[in-house]
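Structural overview for review
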Amino acid sequence: MAELNKLLRDNIRKLIPYSSARSEYMGEASVLLDANENPYNEPVNRYPDPLQIRLKKQIARIKRTTPASVFLGNGSDEAIDLIIRAFCEPKQDNIVSIDPTYGMYKVCADINNIEYRKVLLRSSFEIDVESLLDSTDQHTKIIFLCSPNNPTSNSFYRDDITRILKSFPGIVVLDEAYIDFSTGEGFLPSLTDYPHLVVLQTLSKAWGMAGLRLGMAFADSRIIDVLTKIKYPYNINVLTIETALKALRNPGNKEKWVSAILHQRDILEKELNTLSFVLKVYPSDANFLLVKVNKPHEIYQHLVKQKIVVRDRSSVSLCEGCLRMTVGTKDENAMLLDALKTYQQN
Ligand SMILES: *Cc1c(COP(=O)(O)O)cnc(C)c1O
């Protein structure tokens, strides 16, 4: 890895962060008159802990890492944006990523005026590692990867990701939003081997809390410190912290939901494969199925008429003819299949 200070933008390296009332005084106090809060209307009258210490401790315990390796953001999207802003100089640096993948990497790059280079996956949806590395140059600060990948639903070969980590000297962001649905264990256990690796996870999918907006970035504490320095002081609100703390005490719920979803995914896949207009259901390591059909727009509209909405991915690279279907409850999936069967009869 290149030296962190060389990868960082100058202004970020030199930045003196805002110091909030709640970060200047960190002890246990009973009379809080330091932050111009209203003394009434508990608990939301108080500013949240800007460092989210209790929540980070609990997440670190569950993820078998240390609180110093954890950054918490307003969804993974905040972490994606902050990583770009920390390392990429607008109109000068660039980002390399795979295509197709999650759309937010490019949107955040565009907002920050950073060149975004897409490298097409192979038709098997695997990474073309040579092309990816060939697309980097001395101005490439970040490579974004996503495994299991959205919308292709596959996990990449561990060896391919490792080769990228070993060859590229900049920051490698590996988005593991769907890792709890995967048969692989992901890269969190390897974090200590790669000081330039940032692993993104989220409470939005397996944990069933997309509405809370809590994303996690795991990395070397020096990278975490940079992200912490440039975030909004109170980026995670009091209600999110309290709700997440409570939910994380019951990891059994998440495990129960994941196994129910995986079971339903297998049933849905089998049933979809019996439909004449389904050309292919791609193998999934996530909570959704990428389904190639003969007439994606017509089938999409047919479902909408029956108040069922899936994602039309047919205009995405390598996904011609494809709809992306999230695995729902048993009843929801049955409704989807029933609706599809009435299309078959048309
Ligand atoms: C759903 C998803 C996320 C989650 O984003 P949040 O902002 O944490 O809700 C992140 N990455 C990918 C690839 C996703 O599909």
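Keep in mind the model is a prediction, meaning the values are calculated, not measured. (Residues numbered from 1 in each chain as written. Predicted model: local features only at pLDDT ≥ 70, side-chain atom pairs only at ≥ 80, totals over all residues. Heavy atoms only, no water.)

So, about the overall build of the chain. Assigned secondary structure in the chain consists of 13 helices and 11 strands. Whereas a compact globule of 346 residues would reach a radius of gyration of roughly 20 Å, the chain reaches 22 Å, a difference of no more than 12%. With respect to the three principal axes, the spread of C-alpha positions in the chain is 70 × 50 × 30 Å. Entry remark: accessible area of the chain is about 17100 Å², with carbon and sulfur atoms responsible for 50%. Counting 43 positive and 42 negative side-chain charges, the chain places the averaged centre of each group 2 Å from the other. (Helix = DSSP H or I, 4+ residues; strand = E, 2+ residues; numbered from the N terminus. Rg over C-alpha atoms; globule rule 2.2 N^0.38 Å. Areas by Shrake-Rupley, 256 points an atom, 1.4 Å probe, with all protein chains shown as cover. Lys, Arg positive; Asp, Glu negative; His and termini not counted. Charge placed at Lys NZ, Arg CZ, Asp CG, Glu CD.)

In this section: the nonpolar core. In this structure, Leu55, Ile59, Ile127, Leu132, Leu145 and Leu197 are the most contacted members of the largest nonpolar core, which totals 39 residues. Broken down by element, this core gets its largest block of residues, four residues, from helix 10 (residues 238–248). Residue contacts for Ile127: discarding those within four places in its chain leaves Ile98, Leu121, Arg122, Leu132, Leu145, Phe156, Asp160 and Ile164. Counting residues in each nonpolar core, the second largest holds 33 residues, with Phe71, Tyr116, Val173 and Ile224 among its members. (Core = buried A, V, L, I, M, F, W, Y, C linked by side-chain atoms within 4.5 Å. Buried < 20%, exposed > 50% of the residue type's maximum accessible area, 1.4 Å probe, protein only. Contact = heavy atoms within 4.5 Å.)

A full pass over the atoms with the stated rule returns 17 salt bridges. Residues Arg222 and Asp220 are paired through a salt bridge, measuring 3.0 Å at the closest nitrogen-oxygen approach. Between Glu271 and Lys341 there is a salt bridge; the shortest N-O distance is 3.7 Å. With Glu271 in helix 11 (residues 251–273) and Lys341 in helix 13 (residues 330–344), this pair connects stretches of sequence that are 70 residues apart. Glu271 sits in the partly exposed class, given a relative accessible area of 31%. Three or more residues joined by partner-sharing salt bridges are found here, namely Glu115, Arg117 and Asp137. (Salt bridge = Lys/Arg side-chain N within 4 Å of Asp/Glu carboxyl O.)

Attention now moves to the site of the ligand. Close to the ligand lie 13 residues; Asp175, Tyr178, Ser204, Lys205 and Arg213 are nearest. One of the backbone N or O atoms of Asp77 is found 3.4 Å from an oxygen atom in the ligand. At a separation of 2.9 Å, an oxygen atom of the ligand approaches a polar side-chain atom of Asn150. For the ligand, whose free accessible area comes to 390 Å², the fraction covered by protein is 94%. Per-class residue counts for the shell around the ligand are four nonpolar, five polar and four charged. (Near = heavy atom within 4 Å. Polar contact = N/O pair within 3.5 Å; in protein donor to acceptor, adjacent residues only side chain to side chain. Nonpolar A, V, L, I, M, F, W, Y, C, P; charged D, E, K, R; others polar.)

With that settled, consider the pairing of strand 9 (residues 288–293). A regular strand carries its side chains on alternate faces of the sheet. For strand 9, the buried fraction is high: five of the six residues fall into the buried class. As paired strands, strand 8 (residues 278–281) and strand 9 are joined by three bridges and run antiparallel to one another. Counted as the bridge partner of Val281 is Val291 from strand 9. Taken together, the five bridges between strand 9 and strand 11 (residues 322–326) define a ladder with antiparallel strand orientation. When the bridges of strand 11 are listed, Phe288 appears paired with Thr326. (Pairing = 2+ DSSP bridges.)

Here the largest pocket defines a volume of roughly 710 Å³. Taken together, 20 residues make up the lining of the largest pocket; nearest its centre are Arg22, Glu28, Tyr47, Pro48 and Asp49. Breaking the lining of the largest pocket down by element, the ones donating at least two residues are helix 4 (53–63) and helix 10. Computed from the structure, the second largest pocket encloses a volume of approximately 520 Å³. (1 Å grid on protein atoms, 1.4 Å probe; cavity = no way out; pocket = protein on both sides within 12 Å on 5 of 7 lines; lining within 4 Å. Points joined across faces, edges and corners; volume = space filled by probe spheres on them.)

Honestly, that's just the spatial picture; any functional story needs more than this.
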